[in-house]
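Overview (structure and organization)
Spelled out, the chains give:
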Amino acid sequence: MDDLELRLMTGIDIPYPKLQISIRQPLVREIAYMGESSFFSALSVLCLTKKKFEENPQIAATPLFELVMTAITETKDVEKKNNIINLMTLLFPDYKIMFTKNSIILNKPEEKFIAVIDANNFDEIQKLFKLILGVKEKDENGGYNPASPLAQKIVDKLMKGREKIAAQKPNAEGSSLSRYMSVLAVGLHFTPDAISNMTLYQFYNIVGRFYTKISWDLSFQVRLAGEKPKDESKDWLS
């Protein structure tokens, strides 16, 4: 899509013309209302990848959308399903969200308009979800309790990833988003209010650029001292 990066960086809605819909970019403050753990739980389902299931041929051969819908529709955990609905509502605030076994329905009753996300378009839409929500492979985690054997295998794989990530994040340090907010507030003199009104793409983009600049500056100082940096730093302007 032309100008996608500019659309993401300016925070405007991202259109998906094939369904005549647009995807809204949630703000950091809206994630806070939802709750960070609830957000990441829902995100781990919507942005699921098949890489987690490469060791199981049966699951690896299953279409991605089927895996996602299995995790959504077969969970017995009402709270987790509500988390997914809440995240979808942030992404599509003008629609009523409904799940069937084979589709996600976006409904505008007052306009008699319905858009259907299914196996034919989900891969493209999920790519937009990942860009908008700042998803990387290491962010995908979650836990579910579905009924079928295939769904249970999906659950087991997801839980292993979640446990590994949890072990790498000491609880004493607080939430990851609040830590990054603190870094930007001190390092770039942003107010917490300004940061909380950023979209997730803006937030992660600025955090990444900030850390790249720190690395570049340290590397430059080492060179000025006549030493060679241990690691080559990426140009922070690139």
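Please read these numbers as outputs of a predicted model, since none were measured by experiment. Along each chain, residues carry numbers from 1 onward, in the same order as the chain's sequence is written. Per-residue local features are limited, in this predicted model, to residues with pLDDT of at least 70; the limit for side-chain atom pairs, both in listing and counting, is 80 or more; totals at the level of whole chains, interfaces and linings are taken over all residues. Hydrogens and waters are ignored; side-chain quantities use all the structure's heavy atoms.

**Quick look at the pattern of salt bridges**
In a structure, side chains of opposite charge can pair up when their charged atoms sit close to one another. Just to be clear on terms, a salt bridge is a Lys or Arg side-chain nitrogen sitting within 4 Å of an Asp or Glu carboxyl oxygen. Here the structure, examined in full by the defined rule, presents 5 salt bridges. A salt bridge links K18 to E124, with the nearest nitrogen and oxygen atoms 2.9 Å apart. Here the residue K18 occupies a position in the loop between β1 (14-16) and β2 (21-23), and E124 occupies one in helix α7 (residues 122-133), the gap between them amounting to 106 residues. Here's how the labels work: a residue is buried when its accessible area is under 20% of the maximum for its type, exposed when over 50%, partly exposed in between, all with a 1.4 Å probe on protein chains only. Under the relative-accessibility criterion, K18 is labelled exposed at 62%. Take E124: its relative accessible area is 34%, and that puts it in the partly exposed class. Ionic pairing is found between R29 and D193, a salt bridge with its closest N-O pair at 2.8 Å. Of this pair, R29 sits in helix α2 (residues 28-34) while D193 sits in helix α10 (residues 192-196), placing them 164 residues apart in sequence. What makes D193 partly exposed here is its relative accessible area of 47%. Helical segments are the DSSP runs of H or I of at least four residues, strand segments are the runs of E of at least two, and each set is numbered from the N terminus.

**A closer look at the environment of K18**
On a C-alpha basis, the gap between K18 and A115 in space is 9.7 Å, while along the polypeptide they are 97 residues apart. Reaching out from K18, the side chain makes a polar contact with the side chain of E124 at a distance of 2.9 Å. Think of a polar contact as two N or O atoms within 3.5 Å of one another; within protein, one of them needs to be a possible hydrogen donor and the other a possible acceptor, and neighboring residues in sequence only count if both atoms come from side chains.

**Digging into helix α3 (residues 36-46)**
Judged by how many residues are buried, α3 sits mostly within the fold: 10 of 11 residues are covered. Burial in α3 covers these residues: E36, S38, F39, F40, S41, A42, L43, S44, V45 and L46.

**Overview of the sheet that holds strand β4 (residues 104-108)**
Read across the open sheet, the 3 strands follow the order β3-β4-β5; overall the sheet is antiparallel. Because the sheet does not close on itself, it has two edges, and the strands there are β3 (96-99) and β5 (113-117). Taking the axes of each pair of neighbouring strands and ignoring which way they run, one obtains an average angle of 20 degrees across the sheet. A pair of strands is treated as paired once DSSP finds two or more bridges between them. As paired strands, β4 and β5 are joined by 5 bridges and run antiparallel to one another. What sits directly across from N107, in β5, is I114. Here an axis means a line fitted to C-alpha atoms, over the contact stretch when the element is a helix, while the angle between two N-to-C directions is reported on a 0 to 180 degree scale.

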